[in-house]
Amino acid sequence: AEQVDGTVTALTDTLANQQFAFVDIRPEVALDREQRVVNLSYNIGESPRVFVERVDIVNNTRTLDEVIRREMQLVEGDPFNRTKLKKSEQRIRDLGFFKNVSVKPSQGTQPDQAIITVSVEEQSTGELSVGAGFSTSDGPLADFRIRERNLLGKGQDLQLSTTISGRTNQYDLRFTEPYFLDRNLAAGVNLFHTTTDYQDQSSYDQKRTGAGVHIGYPLSEKWRQDLRYTIDSSEIRNVRFDASRYIRDQQGERITSEIGHTVSYSDLDSKLDPAQGLAASISNDVAGLGGDARYIGTKLRGINYWPLTEDKSWVFSTLGETGYIFGLGQDVRINDRYFLGGNSFRGFDVSGMGPRDIVTKDALGGNRYARGSVELTAPLGSSSKGLGLRSHLFSDFGTLGDVDSKGPGIVDEDALRASVGVGISWRSPLGPLRGDFAIPVMKEDYDEDRIFNFNFGTRF
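Anyway, here's the lowdown on the structure attached to this text.

Rules behind the numbers
- Residues numbered from 1 in each chain as written.
- Predicted model: local features only at pLDDT ≥ 70, side-chain atom pairs only at ≥ 80, totals over all residues.
- Heavy atoms only, no water.
- Helix = DSSP H or I, 4+ residues; strand = E, 2+ residues; numbered from the N terminus.
- Buried < 20%, exposed > 50% of the residue type's maximum accessible area, 1.4 Å probe, protein only.
- Contact = heavy atoms within 4.5 Å.
- Areas by Shrake-Rupley, 256 points an atom, 1.4 Å probe, with all protein chains shown as cover.
- Lys, Arg positive; Asp, Glu negative; His and termini not counted.
- Charge placed at Lys NZ, Arg CZ, Asp CG, Glu CD.
- Pairing = 2+ DSSP bridges.
- Axes fitted to C-alpha atoms, helices over the stretch in contact; angles between N-to-C directions.
- Phe/Tyr/Trp six-rings, centres within 6.5 Å; stacked < 30°, edge-to-face > 60°.
- Lys NZ or Arg CZ within 6 Å of the ring centre and 35° of its normal.
- Salt bridge = Lys/Arg side-chain N within 4 Å of Asp/Glu carboxyl O.
- Core = buried A, V, L, I, M, F, W, Y, C linked by side-chain atoms within 4.5 Å.

Scanning the chain for helices and strands turns up six helices and 26 strands. Considering only C-alpha atoms, the chain reaches an extent of 90 × 60 × 40 Å along its principal axes. The buried share of the chain, taken over its 460 residues, is 42%. For the chain, contacts bridging at least 24 residues in sequence account for 57% of all contacts bridging at least 6. When the accessible surface of the chain is summed, it comes to about 23,700 Å², and 55% of that surface belongs to carbon and sulfur atoms. Of note, the chain has its 54 positive side-chain charges centred 1 Å away from the centre of its 65 negative side-chain charges.

Written out as structure tokens, the structure reads:
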């Protein structure tokens, strides 16, 4: 019976994509008891080709109609198409502004016309996020973020984030207008100020202050390009007298003027909680249009999700990422190199792996890296689906190396590292919560571990 219903649904969707929005499909069953078979006939009632008469948006008390309407792939006068109708509903859900979204067609004033009704249920779009963790070197740490993703009901995104720990004070203000000049053009600005204590990792402190602008636009339904420009002042200071000489040589302040772009692809079934599909991107950044730094950097990243069950409660995912940066007539400075550890490589401390001065134990970072991850996500317990409880089994692996600084005491082995771990996540009433426990299984003697990490958030 389920397969018969599925066939009716598939036939209905196929015909709806050819403008037959209101076809009546009735399966008829004829039993042949002697042969023990069932003969099925699908009777399809005639229907005219249908066009969209109008689109009605209801129950949006705060969000402006135009914010919802610009996510619709069907407008007045378009030929009816079931696939575009479903995509429109998913795009509205992906805004994250609504608890429930329903996009339904109904008979219009004429047999060949349809009225599409978009019904939404508003939810809070302000977020107050709090993160916490524990590091073997830093101890407890926390970060705070206040964000309004639907400012004044216009879909604008305003975010203020602060990170406070024993080693970092970070302030970041971002504003994005998703439809700049009433076009499908996202534009925004950001201001930031960061002071970071790298004394335990690399025997210096860093202060960074700057601003940036960004603009992004779709190239097609699944492809997108984002452009950005950032200018900042970065100072390496408070270098310890016993620090690695490769760090002491970089003490001081410099200006970085950087332009970059990202081309990305996505066919994920959901932006907020993906369970199927691929997302990939390539990024290029060039510094040297003014300022003191001169380099070129490139990153490639891809993540894929495979649902293992029909209800998508069991999901297997893989992630791969690599990056390479090289100086233009100069060495790449330590604050422009790549570092792995912490959230980017579970089981290792922040900057806990890669090239190091084994005499001073200072992390030096690397000019190239590659990392991967595999993860299995499953519901935790028989009744956990409704509670939002999930378990995670994962492994991270990768390498980091190719530092410009060469000489006695520098280890730069490009050795493979790997970790395995388990985690638990919960979509609690206060927001998402996750804790991970990871253990390195491949490491070097000079690497530093970070076994446990925990974070949670809430909304207002």
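This part covers the sheet that holds strand 3 (residues 51-58). Sheet strands pair by backbone hydrogen bonding; their relative direction is either parallel or antiparallel. Sheet architecture is open: three strands sit in the order 3-5-4, paired in mixed fashion. Looking at strand neighbours, the two that pair on one side only are strand 3 and strand 4 (98-107), the edges of this open sheet. Strand-to-strand twist across the sheet, computed as the mean angle between neighbouring axes with direction ignored, equals 15°.

An order of 19-18-22 is seen for the three strands of this open sheet, with the pairing classed as antiparallel. Each end of this open sheet is capped by a strand with a single partner; those strands are strand 19 (362-363) and strand 22 (410-411). Sheet analysis places strand 18 (residues 356-357) next to strand 19, joined by two bridges and oriented antiparallel. Directly across from Asp-357, in strand 19, lies its bridge partner Asp-362.

Another aspect to go through is the packing of aromatic side chains. Enumeration according to the criterion identifies six aromatic pairs in this entry. Across from the ring centre of Phe-394, 3.8 Å away, lies the NZ or CZ of Arg-346, which sits over that ring.

Right, let's get into the pairing of strand 16 (residues 315-327). Here strand 15 (residues 295-307) pairs with strand 16 via 13 bridges, running antiparallel. Counterpart to Leu-300 in the pairing with strand 16 is Thr-322. As judged from the 10 bridges shared by strand 16 and strand 20 (residues 368-379), these two strands associate in the antiparallel manner. Across the sheet, residue Leu-319 finds its bridge partner in strand 20, namely Ser-373.

So, about the pattern of salt bridges. On inspection of all chains with the given rule, the structure shows 30 salt bridges. Residues Arg-228 and Asp-285 are paired through a salt bridge, measuring 3.1 Å at the closest nitrogen-oxygen approach. Of this pair, Arg-228 sits in strand 12 (residues 223-237) while Asp-285 is found in strand 14 (residues 277-291), placing the two residues 57 residues apart along the sequence. A salt bridge links Arg-346 to Glu-375; the shortest N-O distance between them is 3.3 Å. Of this pair, Arg-346 sits in the loop between strand 16 and strand 17 (347-348) while Glu-375 is found in strand 20, placing the two residues 29 residues apart along the sequence. As far as burial versus exposure is concerned, Arg-346 and Glu-375 are alike and both buried. Residues participating in the shared-partner salt-bridge network are Arg-346, Glu-375, Asp-396, Arg-434 and Asp-436.

Here we take up the pairing of strand 12. Successive side chains on a regular strand alternate, one facing one side of the sheet and the next facing the other. Of the pairings in the sheet, the one linking strand 11 (residues 205-218) to strand 12 comprises 14 bridges and is antiparallel in character. Bridge assignment links Gly-212 to a residue of strand 12, and that residue is Thr-230. The antiparallel pairing of strand 11 with strand 12 creates a hairpin that spans four residues between the two strands. In this sheet, strand 13 (residues 252-266) lies alongside strand 12 in antiparallel orientation, the contact comprising 14 bridges. What sits directly across from Ser-233, in strand 13, is Ile-255.

Here the focus is the environment of Gly-96. Along the chain, the position of Gly-96 falls in the loop between helix 3 (82-94) and strand 4. Each residue touching Gly-96, except ones within four places of it in the same chain, is listed here: Gln-123, Thr-125, Arg-149 and Leu-272.

This part is about the nonpolar core. With 22 residues, the main nonpolar core has Ile-92, Phe-98, Val-103, Ile-116 and Val-118 as its most contacted residues. If you list the elements that add at least two residues to this core, you get strand 3, helix 2 (65-69), helix 3, strand 4 and strand 5 (113-122). Of the residues forming this core, the biggest block, four residues, is contributed by strand 5. Excluding residues within four positions of it along the chain, Ile-116 makes contact with Val-52, Arg-54, Val-55, Asp-56, Met-72, Leu-74, Leu-85, Val-103, Lys-104 and Pro-105. Ala-287, Ala-293, Phe-345 and Met-353 belong to the second largest nonpolar core, which has 12 residues in total.

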